[in-house]
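Descriptive structure summary
Each chain, letter by letter, is given below.
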Amino acid sequence: MKVQSNSDINKIGFDSNFKVSEQLPKNFIINFESILLGEKWLTKVSLDDTQLGDIINDNSKTSDYYRFHDIFHYSFAAILGWSPCARAMMKRKRKSDYVIDEVEDGARATITEEAISMIVFNEAKRKKYFEGASAVSKTTLRIIKEMTEDFEVKVRSAKEWEDAILKSYEIFRLLMVNGGGSVEFDAFNKAITYSPLSASQPKSPIQN
């Protein structure tokens, strides 16, 4: 099992001692493309023209734009240096270390991250997707810290989680309004930058 000092983790994440193919990328661009299938809008997510994961819809009776929720996983990867879901979709699991692969990058970790995403989303919907917000509820942050106490990301503070969540929702709102877009992630500077789709790309309508 490879071990990193806390100082290294704070700077670059949890995988710097692994080969590059098992590291989360530090700079990358993810495209979120809206596709109309019948009367239903779906989202295709891609990296360098390669589709990541399944083409997904909201999985809801009403349109709430959860189809763009992968923005949360990639934001966590860039800002927190942690996202078992992003690792799986980008094929960056740390298979060279059996314990890390099974525990940190395995099913339990990915389920935990998806649950966090849903818990935060439920709060966000009640608060206009955090538009104009400067904080996430202390209850939600406490739950996140409790849920992740058995994983490497336990070293991240509630404030770091809050920052990652609010930054990801800033981009989520832009994806929602514009029906997709290109998002650049910079893990070195903990930055996320949005660019709109080209004019030829379809845009899903905003539904109240």
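How each quantity is defined
- Residues numbered from 1 in each chain as written.
- Predicted model: local features only at pLDDT ≥ 70, side-chain atom pairs only at ≥ 80, totals over all residues.
- Heavy atoms only, no water.
- Phe/Tyr/Trp six-rings, centres within 6.5 Å; stacked < 30°, edge-to-face > 60°.
- Helix = DSSP H or I, 4+ residues; strand = E, 2+ residues; numbered from the N terminus.
- Buried < 20%, exposed > 50% of the residue type's maximum accessible area, 1.4 Å probe, protein only.
- Axes fitted to C-alpha atoms, helices over the stretch in contact; angles between N-to-C directions.
- Parallel < 35°, antiparallel > 145°, perpendicular 65-115°, else oblique.
- Left-handed = near helix turned anticlockwise from the far one by under 90°.
- Contact = heavy atoms within 4.5 Å.
- Nonpolar A, V, L, I, M, F, W, Y, C, P; charged D, E, K, R; others polar.
- Expected span 1.5 Å × (residues − 1).
- Pairing = 2+ DSSP bridges.

1. Considering the packing of aromatic side chains
Aromatic rings in a pair are described by how distant their centres are and how their planes are angled relative to each other. Under the definition given, this model contains 13 aromatic pairs. Here the aromatic rings of Tyr 66 and Phe 121 are separated by 4.7 Å at their centres, their planes lie at 70°, and the arrangement is edge-to-face. Of this pair, Tyr 66 sits in the loop between β3 (50-51) and α2 (70-79) while Phe 121 sits in helix α5 (residues 107-126), and the two are 55 residues apart along the sequence. No difference in accessibility class separates Tyr 66 from Phe 121, as the two residues are buried. Here the aromatic rings of Phe 130 and Tyr 169 are separated by 5.1 Å at their centres, their planes lie at 85°, and the arrangement is edge-to-face. Taken together, the positions of Phe 130 in the loop between α5 and α6 (138-147) and Tyr 169 in helix α7 (residues 158-178) put the pair 39 residues apart, joining distant regions of the chain. The exposure classification of Phe 130 matches that of Tyr 169, with both residues buried. Within the aromatic cluster, the residues linked to one another by ring pairs are Tyr 66, Phe 72, Phe 121, Tyr 129, Phe 130, Tyr 169 and Phe 172.

2. A closer look at the packing of α5 against α7
Packing of α5 against α7 brings their axes to within 12 Å, and their N-to-C directions diverge by 65°. Judged by the angle between their axes, α5 and α7 are roughly perpendicular. Note on packing geometry: the crossing formed by α5 with α7 is right-handed. Residue-level contacts link Ile 116, Val 120, Phe 121 and Ala 124 of α5 to Trp 161, Ile 165, Tyr 169 and Phe 172 of α7. For the contact of α5 with α7, the class distribution of residues is eight nonpolar, no polar and no charged.

3. Quick word on the packing of α5 against α6
Axis separation between α5 and α6 bottoms out at 11 Å; the angle between their running directions is 175°. Comparing the axis directions of α5 and α6 gives the class roughly antiparallel. Contacts between α5 and α6 involve Thr 112, Ala 115, Ile 116, Ile 119, Val 120 and Glu 123 from the former and Thr 140, Ile 143, Ile 144 and Met 147 from the latter. Its residues assigned to classes, the contact of α5 with α6 comprises seven nonpolar, two polar and one charged.

4. Topic: α5
Counted at 1.5 Å a residue, the expected span for α5 with its 20 residues is 28 Å, and the 29 Å between its end C-alpha atoms agrees. Of the residues making up α5, those classed as buried are Ala 109, Thr 110, Thr 112, Glu 113, Ile 116, Ser 117, Val 120, Phe 121, Glu 123 and Ala 124. Summarising the contacts, the buried residues of α5 are in contact with α2, α3 (84-90), α4 (98-103), α6 and α7. Lys 128, located one to two residues past α5, shows a positive phi value of around 55°.

5. Quick look at the sheet that holds strand β5 (residues 191-195)
Judged by pairing direction, the sheet is antiparallel, and its five strands sit side by side in the order β3-β2-β1-β4-β5 without closing on themselves. On the outer flanks of this sheet lie β3 and β5, each paired with one strand and no other. Of the strand pairs in this sheet, strand β2 (residues 40-47) and β3 are connected by two bridges, and their pairing is antiparallel. Following the sheet pairing, Leu 47 is matched in β3 by Thr 50.

6. Comments concerning α7
Taking 1.5 Å per residue, 21 residues should reach 30 Å; α7 reaches 30 Å between its end C-alpha atoms and fits that length. Just beyond α7, the residue with positive phi is Gly 179, at close to 70°.

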